[in-house]
Amino acid sequence: MDELEVAIEKVREIVKKRGIDFRDGLPEPLFEFATSLMPTPNIDLLIINDNGEVLLTWRSDKYYGTGWHIPGGCIRIQETLDERIQKTALSEIGSSVIYNKNPIVTREAFMKRDRPWLKDQLERSHNISILYEARLPDGFQINNGDKSEHDAGYMKWFSEVPDDLLPEHQDLYIDIIRKYLNLEEK
């Protein structure tokens, strides 16, 4: 057995000993490593209300920085698209969603900016993003709790594209957001 095989076997032993189930997601160090080896498939939710507004949430993390973004989540091993859509909605919005089973679009995203704080620039640098149109159940009300507008996870409805939409989501979805907001290309 070569050095790499020995290391992988050791990781498997540790995972088994700790009772980690990859269907619940990867421990952060394994996730970071895995995302430096291959693209990360993820689901994004374009949530629209009856007023034609788009729901965005504030993001602040080491991978993408700070700004408004379309709620989304990475697909886990042996997880169906429906499961990921609903888990993402619950995790990011606090509610299940009603969604169109046909995605609006599937696109690739490549991180174009340097993130000097990361040890490996390849971490979370390539995503396969599947965008679904979704609606929230009747009577849904945003509950931001004690969060301020620029706290991670803060939710807000938009009728215009915010200037501080994450650059990655500008690259991926600006045309679609403008279309759904009935805005002309600028």
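Since we're looking at a predicted model, the values are computed, not measured. (Residues numbered from 1 in each chain as written. Predicted model: local features only at pLDDT ≥ 70, side-chain atom pairs only at ≥ 80, totals over all residues. Heavy atoms only, no water.)

With that settled, the discussion passes to the layout of surface pockets. The method is simple in principle: a probe with the dimensions of a water molecule rolls over the atoms, and the space it marks as empty is what remains. Quantified by volume, the second largest pocket comes out at close to 230 Å³. Partitioning the lining of the second largest pocket into residue classes produces six nonpolar, three polar and three charged. (1 Å grid on protein atoms, 1.4 Å probe; cavity = no way out; pocket = protein on both sides within 12 Å on 5 of 7 lines; lining within 4 Å. Points joined across faces, edges and corners; volume = space filled by probe spheres on them. Nonpolar A, V, L, I, M, F, W, Y, C, P; charged D, E, K, R; others polar.)

This model, assessed by the stated rule, comprises 11 salt bridges. For lysine 87, the salt bridge is made with glutamate 79, and the minimal N-O distance between the two is 3.4 Å. By relative accessible area, lysine 87 is classed as partly exposed at 41%. By relative accessible area, which is 11% here, glutamate 79 ends up buried. A salt bridge links arginine 113 to glutamate 168; the nearest nitrogen and oxygen atoms lie 2.9 Å apart. Of this pair, arginine 113 sits in the loop between strand S6 (105–110) and strand S7 (126–135) while glutamate 168 sits in helix H4 (residues 167–180), and the two are 55 residues apart along the sequence. One connected set of salt bridges, linked through shared partners, spans Glu79, Arg84 and Lys87. (Salt bridge = Lys/Arg side-chain N within 4 Å of Asp/Glu carboxyl O. Buried < 20%, exposed > 50% of the residue type's maximum accessible area, 1.4 Å probe, protein only. Helix = DSSP H or I, 4+ residues; strand = E, 2+ residues; numbered from the N terminus.)

Our next topic: unusual backbone geometry. Of note in the backbone geometry, glutamine 78 takes a positive phi value of approximately 60° without being a glycine. By the secondary structure assignment, glutamine 78 is in the loop between strand S4 (72–74) and helix H3 (81–92). Unlike most non-glycine residues, arginine 124 shows phi in positive territory, near 45°. With respect to the helices, strands and loops of the structure, arginine 124 is situated in the loop between S6 and S7. The class for arginine 124 is buried, based on a relative accessible area of 10%.

Moving on, we get to the packing of aromatic side chains. What the rule picks out here adds up to four aromatic pairs. Taking 4.9 Å as the distance between ring centres and 70° as the angle between the ring planes, the aromatic pair formed by tryptophan 68 and phenylalanine 158 counts as edge-to-face. In this pair, tryptophan 68 sits in strand S3 (residues 65–69) while phenylalanine 158 sits in strand S8 (residues 155–158), placing the two residues 90 residues apart along the sequence. Each member of the pair, tryptophan 68 as well as phenylalanine 158, carries the same accessibility label: buried. Put simply, the rings of Trp58, Trp68, Tyr154 and Phe158 touch in pairs and so form one group of aromatic residues. (Phe/Tyr/Trp six-rings, centres within 6.5 Å; stacked < 30°, edge-to-face > 60°.)

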